[in-house]
Amino acid sequence: MSSPDISVRNLWKVFGPGGEKIPKDPELSALSSAELLERTGCNAAVRDMNFDVAKGEVFVVMGLSGSGKSTLIRCLTRLIEPTSGSVLVDGKDVMQAGTGELRELRRRKMSMVFQHFGLLPHRTVLDNVSYGLQIRGAAKNERYARSHEIIELVGLKGYEQHFPDQLSGGMQQRVGLGRALAGDPDTILFDEPFSALDPLIRRDMQAEVIRLHKEMGKTMVFVTHDLSEALKLGDRILIMRNGETVQCGTGDDLVGSPADKYIADFVSEVPRADVLTLKWITDPVAFGTPADAPVLSAGTIIRDAIPTVMNSLCPVLVEDSGKITGQIDRDSILSVIRSTEVAA
Amino acid sequence: MSTLVRDRAPVQTGLVSVRAPRKRLSRRTLILGGAGVVWLIGFLFLHGTATLTLPASELTDLHRSLNQFNAWVASNRADNPVFQYVFTPLRAAVDAVANLFIGIFAASSTGLRLPEIGWLGTVALLSWIAFAVGNARVALLTAAAFVFFGLQGLFVEAAYTFALVITAVLFTLLIGIPLGVLAGVYGRVAKVITPVLDFMQTLPTFVYLAPLALIFLIGPASAVIATVIYAAPPVIRLTAHGIRCIPENTREASDSLGTTGWQRLLTLQLPLARRTIVMGINQTTMAALSMVTIAALIAAPGLGQVVIRALQSLDVGTAVNAGLSIVLLAIVLDRVTTAASRRAEPGANRKRRISRRTRYILLAATLLVVLAMVQLSRTMLWAAAFPKDLNIGPAIVSGVSSASEWLQTNLFLFTVSFREAVTNGILNPFQSLLTETPFYLLVAVIVLAAFALGGWKLAAVTATCLAVIIYLGLWSDSMVTLAGTLVATAVVMVLGVIFGVAMGRSSKVDQLMRPMLDAGQTMPAFVYLVPFLGLFGATRFTAIIAGIIYAAPVAIKITADGIAAISPTVMEAAVSSGSTPWQVITKVQLPMARQSLALAANQGLIYVLAMVVVGALVGAGGLGYDVVAGFVQSSLFGKGLAAGLAIVFLGILLDRMTQAAAANPVRKVLSAKSPAH
Ligand SMILES: Nc1ncnc2c1ncn2[C@@H]1O[C@H](COP(=O)(O)OP(=O)(O)OP(=O)(O)O)[C@@H](O)[C@H]1O
Ligand SMILES: [Mg+2]
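Quick look at the overall build of chain B now. Across its full length, chain B holds 28 helices and 0 strands. In terms of overall size, chain B behaves like a compact globule, its C-alpha atoms giving a radius of gyration of 26 Å where 677 residues would be expected to give roughly 26 Å. With respect to the principal axes defined by its C-alpha atoms, chain B has extents near 80 × 65 × 60 Å. Nonlocal contacts in chain B, meaning residues at least 24 apart in sequence, comprise 81% of its contacts between residues at least 6 apart. In the form shown here, chain B has an accessible surface area of approximately 29,600 Å², with 69% of it arising from carbon and sulfur atoms. Across chain B, the centroid of the 48 positively charged side chains sits 11 Å from that of the 25 negatively charged ones.

The structure is reproduced here in structure tokens:
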């Protein structure tokens, strides 16, 4: 991963009158959200957030309802005006951008997919997908040609002349996705895009996003409150609570070493064998382990290691960047699987 | 004329009355009761003194100076710069457009004064337009109606009225839609114009006329300008509403793609608001028709003139004949604009049976037929002026006249005794209570009542209004008008409660009544006078009955909506605790719909006031009479102008007081509502 695509520093968003004073005031900014609300009537939806998103990464923001996810993701393109802090996109501060620059950013660099689709009811699928191109002044045949490609890409071929209310929820979100992709932005922001869809369609759509990410390699910032979705899609996951970062890391990190009880509770129901890698269960190499025992990489998901371990008569060695770091055996795998069953 | 769409302060429930409400309520009742007692006692001992009566032909100094002002304007019109550079060019421009339409549809200014496109061309062209903006059904309706105007012998008059309506609607939209868009986009603009619109809508149609005639002279121009002022509020309001009420998530999605303000307006707000805007056009058109007919009082040509002349000579037959045309024209305008608003619905054109291509071909083909008919009308006399031998107007006139005579002689016992019973039993006593109480006492009583309802602020507004009325020298006439208005409003409220409760409780009754009420609301005000003139003759009573019928639909609708809006859980709770239907109505529904009732009273009052004033045409006295007399006799001009102003202030007073009554929630309502949340 190269230099960060988006980097957020000391970002605050405080709703309510007089909110702009709070980040600067050391006393007030130290208060908890509830106290702050009581003292000042202001609601701090995003508090002093810092994180980087690398190019081509899928960065997931997770948290319960009301934790400030939507506010955070809207602050990135200033759909909601942040109270203070900075948002660097390709090294340029979005907070300093004038209206024209901001529009250019929204038109070419970052587009967004919304929970409730936000399609224009009076336009066909084709016109919805080409809306962004029209806004930035593309000629009609150019934008239609591009939109036809995109419609095919998101699997809506044949529906070009349909109107949004003639489509199912999943198809409508495909239109939303197509609209975001049409402008060929560097980054796509998703705000709980699939939470209004039923589980089967949601799974399809998640697969779709994974496929698109593989094909196009775009940076994605993905908001969700669904942990399994986060683990499935995210290269890294940031967990928010009351507007603050609680932990930020790979799915593996979160499940393997939760930062506090809140996250431990959060991840307790995750099937650990599906998420954790071998590095979390590696024991030191025992005396009797033969040197020609099978070797697995430390980054292997535990479930994927099961056949090798079960078929081997002796413990299996674990290597990390060319060095043997330890071993695993049937017991260590079984204990992970058992703890998962108990939790479930 | 449906002016229901008013952004009134929404029905408030909540914290307002938390501060010791019980004390406040009892004090309020106490003051109101006290005021009533003082009034009655004062009336007993002092009645007949200090009544400020001013006989019909007498003037005050103020009226005389207004007359002088009128004369001054007349003599300085030519060289005063304000007139030279503002009013006169404006008048010329409006006149030019009005004359253009009049020339096309009604009568050209040359030769035989035949319309440019003849009656046949007019029928064809208007039906084609109805087809293009609406559908085949409304096109047929249009054709039938205009042919019927011809048969009634009123084609030219109807065409005049139509031409003026078109001119006025054109100007209204030209001003109203941009203003509405501005108000929709900028909250600050909305904040400035909403109170102005509120105020404009409380003014009875009547009162615009005299001042405008003073500035723009009588005739089409001032009629059109009056109509524009009267008809603009609905389209401004609805446009602003449509623009403002774009769903937040669509708006956000469009912003996230980097739209500019203009792009948002053009690609999102206007297309999504289209339907609402066309609904505004519908309301504006109906209001315009209403005003254009009344503007006959300042010499606007058309059907209104026929009605007014007939009313003044008590010629019921002719009034009914012309009134029928007005009703028909109202129906046509309403249906065509409603059909247009359906077509403007997003996605309407994909549910069509015929494809867009076929439709265009059809339109082009029919347009050719229309052009052929226009050409025919320009060459053949029978197609230019409606044939005289096809005239069934006189038959209608004499038929209606004899029917009315028959009714009046044979139902004499019923109509006259009913009229006299109500007049002598209710109207006269109440009127004399108001007119014969010394003015200072009545002022004190009204201000006290205002204080009880709305505190110092309302008391001050009320005192000011009353002071202005006294200053205008029309106290006694105002009290006559007030008496009629209050009696009619009381009846309107009784009707509102009875029918409103029935509609609110049963959706079947609602479905049955609503179309009738909607139709009732679209009719121009003074059409209502005509049938009652036939029944009850020219009296104050007729005007009051017409006012009741005119105002009842609004009151009924608001009440019904209030009752229907009560949460079903509350109703369920009441029913499951074993209440009888009567108990449910009196203990739950009416108390909870209290605010709707107050709003219904507010709207009912304004409608009744408008009508009671127009009722001067059939013998209601009071301020309306002064206004009409002012149009007819130039020596009474000043008095008429003053009477118009008095109506305005009376309207403000009634509006504010009923609004205050509506804004004060009663404690009982709150406690009944809270379990629902
Ligand atoms: N426009 C606003 N004005 C005031 N407070 C707001 C506004 N928008 C959001 N908030 C508050 O900010 C906090 C965070 O809201 P946000 O919508 O970002 O949460 P979320 O994590 O997206 O929740 P959800 O999962 O329900 O979408 C909430 O307490 C909310 O009440
Ligand atoms: Mg959200």
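Still to come is the rest of the account.
Turning our attention to the pattern of salt bridges. Residue and element names in this part refer to chain A. Scanning the entire structure with this criterion turns up 32 salt bridges over all chains. The residue E27 makes a salt bridge to R39 at a minimum N-O spacing of 3.3 Å. Taken together, the residues span a long stretch of sequence, with E27 in helix α1 (residues 26-29) and R39 in helix α2 (residues 33-40) at a distance of 12 residues. For the pair shown, E27 and R39 are each scored as exposed.

A few words on the packing of helix α2 (residues 61-76) of chain B against helix α27 (residues 637-663) of chain B. Residues and elements named next belong to chain B. The N-to-C vectors of α2 and α27 enclose an angle of 110 degrees; their axes lie 7 Å apart at closest approach. Judged on the interaxial angle alone, α27 and α2 are roughly perpendicular. Residues H63, L66, N67 and N70 of α2 form the contact with α27, whose participating residues are F637, G638, K639, L641 and A642. A class-by-class count of the residues in the contact of α2 with α27 yields 4 nonpolar, 4 polar and 1 charged.

Attention now goes to the interface of chain B and chain A. Taken residue by residue, the interface counts 18 residues in chain B and 23 residues in chain A. Of the roughly 1,900 Å² buried between chain B and chain A, counting both surfaces, carbon and sulfur atoms make up 62%. Our count for the contact surface shared by chain B and chain A stands at 1 salt bridge. Secondary-structure elements contributing two or more residues to the side of chain B that touches chain A are α10 (248-256) and α11 (261-294) of chain B. Per element, the largest residue contribution to the side of chain B that touches chain A is 7 residues, and it comes from α10(B). Looking at side-chain class alone, the side of chain B that touches chain A contains 6 nonpolar, 9 polar and 3 charged residues.

Take the sheet that holds strand β12 (residues 316-320) of chain A next. Sheets are built from strands paired through backbone hydrogen bonds, the pairs being either parallel or antiparallel. Residues and elements named next belong to chain A. Spatial strand order, β11-β12-β13: 3 strands in an open sheet with mixed pairing. Here the strands that pair on one side only, and so sit at the sheet edges, are β11 (295-297) and β13 (323-328). Pairwise comparison of adjacent strand axes, ignoring direction, gives a mean angle of 35 degrees for this sheet. Sheet topology places β11 next to β12; 3 bridges connect them, and they run parallel.

Residues and elements named next belong to chain B. Packing of helix α8 (residues 206-216) against α27 brings their axes to within 8 Å, and their N-to-C directions diverge by 135 degrees. With respect to α27, the element α8 is oriented oblique. Like other packed secondary-structure pairs, α8 and α27 cross with a definite hand, here left-handed. Residues V207, A210, P211 and L214 of α8 touch α27, and the partners they reach there are F637, L641, G644, I647 and V648. Class assignment for the residues of the contact of α8 with α27 results in 8 nonpolar, 1 polar and no charged.

Residues and elements named next belong to chain A. In the vicinity of ligand 1, the contacting residues are F15, N43, A45, L64, S65, G66, S67, G68, K69, S70, T71 and E192. Contacts to ligand 1 include T71, whose side-chain N or O atom sits 2.5 Å from an oxygen atom. Within the complex, 59% of the 640 Å² of free accessible area of ligand 1 lies under protein. Contributions of two or more residues to the shell around ligand 1 are made by β2 (43-54) and α3 (69-76). A total of 3 residues in the shell around ligand 1 trace back to one element, the largest contributor, which is α3. The residue makeup of the shell around ligand 1, split by class, is 3 nonpolar, 7 polar and 2 charged.

Moving on, we get to the nonpolar core. In this structure, L311(B), F526(B), L529(B) and L617(B) are the most contacted members of the largest nonpolar core, which totals 187 residues. Shared between two domains, this core takes at least three residues from each, and those domains are domain 1 (116-401) and domain 2 (411-663) of chain B. By size, the runner-up hydrophobic cluster in this structure holds 59 residues, among which are V58(A), F194(A), M220(A) and I328(A).

A few words on the pairing of β13(A). Two faces make up the sheet, and in a regular strand the side chains alternate between them. Residue and element names in this part refer to chain A. When β12 meets β13, the two strands line up antiparallel, connected through 5 bridges. In the sheet register, V316 faces β13, and the bridge partner there is I328. Hairpin connection, β12 to β13: the antiparallel pair is bridged by 2 residues, and S321 has positive phi, about 40 degrees.

With that settled, consider the packing of aromatic side chains. Residue and element names in this part refer to chain B. Enumeration according to the criterion identifies 23 aromatic pairs over all chains in this entry. Aromatic pair F146 and F162: ring centres 5.8 Å apart, planes at 85 degrees, arrangement edge-to-face. Here F146, found in helix α5 (residues 136-151), pairs with F162, found in helix α6 (residues 155-185); they are 16 residues apart in sequence, far enough to count as distant. The buried category is assigned to F146, whose relative accessible area is 2%. Plain terms: the ring middles of F451 and W456 are 4.6 Å apart, the flat faces sit at 50 degrees to each other, and that makes the pair tilted. Overall, the relative accessible area of 68% leaves W456 in the exposed class.

Parameters at a glance
- Residues numbered from 1 in each chain as written.
- Chains lettered and ligands numbered in written order.
- Predicted model: local features only at pLDDT ≥ 70, side-chain atom pairs only at ≥ 80, totals over all residues.
- Heavy atoms only, no water.
- Helix = DSSP H or I, 4+ residues; strand = E, 2+ residues; numbered from the N terminus.
- Rg over C-alpha atoms; globule rule 2.2 N^0.38 Å.
- Contact = heavy atoms within 4.5 Å.
- Areas by Shrake-Rupley, 256 points an atom, 1.4 Å probe, with all protein chains shown as cover.
- Lys, Arg positive; Asp, Glu negative; His and termini not counted.
- Charge placed at Lys NZ, Arg CZ, Asp CG, Glu CD.
- Salt bridge = Lys/Arg side-chain N within 4 Å of Asp/Glu carboxyl O.
- Buried < 20%, exposed > 50% of the residue type's maximum accessible area, 1.4 Å probe, protein only.
- Axes fitted to C-alpha atoms, helices over the stretch in contact; angles between N-to-C directions.
- Parallel < 35°, antiparallel > 145°, perpendicular 65-115°, else oblique.
- Nonpolar A, V, L, I, M, F, W, Y, C, P; charged D, E, K, R; others polar.
- Buried area = accessible area lost by both parts, 1.4 Å probe.
- Pairing = 2+ DSSP bridges.
- Left-handed = near helix turned anticlockwise from the far one by under 90°.
- Near = heavy atom within 4 Å.
- Polar contact = N/O pair within 3.5 Å; in protein donor to acceptor, adjacent residues only side chain to side chain.
- Core = buried A, V, L, I, M, F, W, Y, C linked by side-chain atoms within 4.5 Å.
- Domains from an automatic or database assignment.
- Phe/Tyr/Trp six-rings, centres within 6.5 Å; stacked < 30°, edge-to-face > 60°.

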